[in-house]
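Below are the chains, spelled out letter by letter.
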Amino acid sequence: MSTVESRPLIGEGISRVDGPRKVTGAAPYPMDFSVPGQAYGTLVQSTIAAGRIVRMHTDEAAHSPGVVTVLTHENALEVGTGPASVLGASPPAPLRNDRIVHHGQHIAFVVAETPEQATAAARLVRADYEAAEPLLDLQDPRAEHLHDPWGMDHSRGDATAALESAEVTLHNTYLTADNTNNPLGLFATLAVWDGDTLTVHDTSQWPSMVRTTLAMAFGIPESSVRVLVPYVGGGFGAGLRAWPHVILTAMAARMTKRPVKLVLTRPQMFTSIGHRPSGVQWLSVGIRRDGELVALDHRSLSSLSMEDNDFEPFSSGTAFSYQCPNVITRDEQAKLNIAVPWQMRAPAEAQGNFALESALDELSYTLGIDPVELRVRNHTDVDPRNGLPWSGKAILECYEVGARRFGWSDRNPEPCSMRDGNWLVGYGMASAMFPYFAQSCMAEATVNRDGSAFVRSAATDIGTGTYTVMAQLSAEELGLPLEKVRFDLGDSDMPNSMMAGGSGLTGALGNAVHEACRRLVRSFVELVRNDADSPLMGISPHDVECSGGRVHLMGCPDRGESYVDILARHGMPQLSATGSSTPPDAKEIGMSLAGAYGAKFVEVRVDPDLGLVRVARVVSAIDGGRILNEKTARSQIIGGTVGGIGMALLEDTVTDPRTGRIANGTFADYLVAVNADVPELDVVFVGEPDRGTPTGTKGVGEVGLVGIAPAITNAVYHATGKRIRSLPITLDTLL
């Protein structure tokens, strides 16, 4: 069975199907939901980073106007801890004891009739502490270290010996700062109990996980929990957990027997929903004078909170980015008194790629080899870890097309050799990769009596275009015009879905939608297989195709009938089918599953007197497999590029080294890239559909950010002759 429509790798793309709802203000985000009789919650947070609570003072707050209750560790409902997921353990239960492990930890939850009353009362809650000295420095020798916490350390060959005998070696240290996700939409939760049934509106990238966590926390069946997330408002990874404030809101609703709504403030976002961990990386490279890599030794140390975990192996990508016979990668975490580090766009790879691509650029100057050529010489079409060919890897084409569009050949390779008036001009580039990631996923497809289709799954659309591309894919598989297809998501009662994260949802959900639609078509054919009134009688499901709302014999549009006619004749209001997808096993398919690849080319301007850096233009050449919608895919690369500019030049979550307080936890002080910081961004897609999955897609949400930071710092070196190994680039490093 197939569809008549062609499947081009690159399509013109269509505008988002949810666009009109968003621009007219009709799209309901989590903070927009309200129910009759709801109360409002406000968090009270710790003002020390380590120690214990000696006494809570809540009487004044409890007697304030409109206050319903004040929850602390002394009176809170005891709840369980949620299950571990593929991303790690659930956060510890809130308000479970008097221990303080970071500044900004939730120590009380005030519920009142209005948000203003709750906020006013929260200011009256005080705590007496027995403070301890916090551990805040990543390289503090007193910090507990976790070695190889995910079992992903890699070793092949003898990197130590190869480094000792290498013709050229490099040994450098690279530093990356805390960054905070800061989506535009403030995270919000509304919890409503009806007996032992819980309905929650939440800012989440993973409704199914939130449902499971809440069910375990409150000791009720998953079928008694419903999580609704039709729109998110941004997440960048922050929505991949059921955070303590979600549990607190549901707890307060249960204890007060009223719906309770909480909206985090912007400062609370800095301490409540994770942040990119800071890290230090030590990278040693051995290379021949002809540019062939002989040894890579990449080790990292990243920050971790005292009572939580974060899956972020900085060095892991180095094990398979290039052909090299002798490789060691080692990752460690240091436990500190800080708010929980967590996933932020391109986790681990954004940091690890900065070190690796900066080192290769430095070696290209040492050896006198063009930076692009150096990477080409160390390219591999097989996975160095197992020798299997990649399911799809067009990075050589990324180099070629990207360099041509950028005008790389116009570059004078000498540092400090290019000027535009007083500005120093620099060209830099870097490779980009984000590993394959997917989890099991399900979808259901239905065709109704009127010929329309309804396809659904408990996924979320965090701005990536899931509503749109899944509607497109469904329309293609069912042979229907797009306007006849509705795709819905954001409801945990729908078929189970993986998270919208790790650049995995489009592939996993797309494959589930693909199977659901194909099963549905087969169900139509089976329905009429013995129907003497059907022109499809006796035809195998493998011999049909779909177009124009009809199922017909392949190559014979006249021999077939419409979905509408089939359902009407059989007296059925609709017909449905479910589909699922499971990540394929590399050994079974004989290929290593490839993520997305890219080559990033950047031009910067540097003012030598003021130390200002301006990004003038960026070209991103991306191998994203089969692109379902070029417009939404391009939007993802542009968004990731903007995030990469912020990582390189602006973003740094500053923690007071004495108190552990985040010193710049507002948009007035925490700098993100704005329109004036974003130049002309050129995106081009190359490559073929990936061979590892039915739809041939790859995720592009993360790869847009990877490689931007090193491409910028490499361009800064070309402009100034100063090598930057610490992010973000600050004025003092260039003056």
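Relevant structure appears above.
As a starting point, this report considers the structure included with it. (Residues numbered from 1 in each chain as written. Predicted model: local features only at pLDDT ≥ 70, side-chain atom pairs only at ≥ 80, totals over all residues. Heavy atoms only, no water.)

### Re the packing of helix H5 (residues 207-218) against helix H6 (residues 244-256)
Two numbers describe how H5 lies on H6: the axes approach to 11 Å, and their chain directions differ by 50°. Put simply, H5 runs oblique to H6. In the crossing of H5 with H6, the sense of the turn from one axis to the other is right-handed. Every residue of H6 that contacts H5 at Thr213, Leu214, Ala217 and Phe218 is listed here: Val246, Ile247, Ala250, Met251 and Arg254. (Axes fitted to C-alpha atoms, helices over the stretch in contact; angles between N-to-C directions. Helix = DSSP H or I, 4+ residues; strand = E, 2+ residues; numbered from the N terminus. Parallel < 35°, antiparallel > 145°, perpendicular 65-115°, else oblique. Left-handed = near helix turned anticlockwise from the far one by under 90°. Contact = heavy atoms within 4.5 Å.)

### Some points on H6
Taking 1.5 Å per residue as the helical rise, H6 with its 13 residues ought to reach 18 Å, and the 18 Å between its terminal C-alpha atoms agrees with that figure. Counting buried residues along H6, 11 of its 13 residues qualify, which places the element largely inside the surrounding structure. Residues of H6 that are buried: Pro244, His245, Val246, Ile247, Leu248, Thr249, Ala250, Met251, Ala252, Ala253 and Thr256. Residue lysine 257 follows H6 closely and has a positive phi angle near 60°. (Expected span 1.5 Å × (residues − 1). Buried < 20%, exposed > 50% of the residue type's maximum accessible area, 1.4 Å probe, protein only.)

### Here we look at the pattern of salt bridges
Enumeration over the complete set of coordinates arrives at 40 salt bridges. A salt bridge links arginine 288 to aspartate 290; the shortest N-O distance between them is 2.7 Å. Since its relative accessible area comes to 35%, aspartate 290 is described here as partly exposed. The salt bridge involving arginine 725 is made with glutamate 362; its shortest N-O contact spans 2.9 Å. One end of the pair, arginine 725, is in the loop between helix H16 (708-720) and helix H17 (731-734); the other, glutamate 362, is in helix H8 (residues 349-367), with 363 residues separating them in the sequence. Overall, the relative accessible area of 27% leaves arginine 725 in the partly exposed class. You can call glutamate 362 buried: its relative accessible area is 17%. When salt bridges that share partners are traced, they join Asp361, Glu362, Arg723 and Arg725 into one network. (Salt bridge = Lys/Arg side-chain N within 4 Å of Asp/Glu carboxyl O.)

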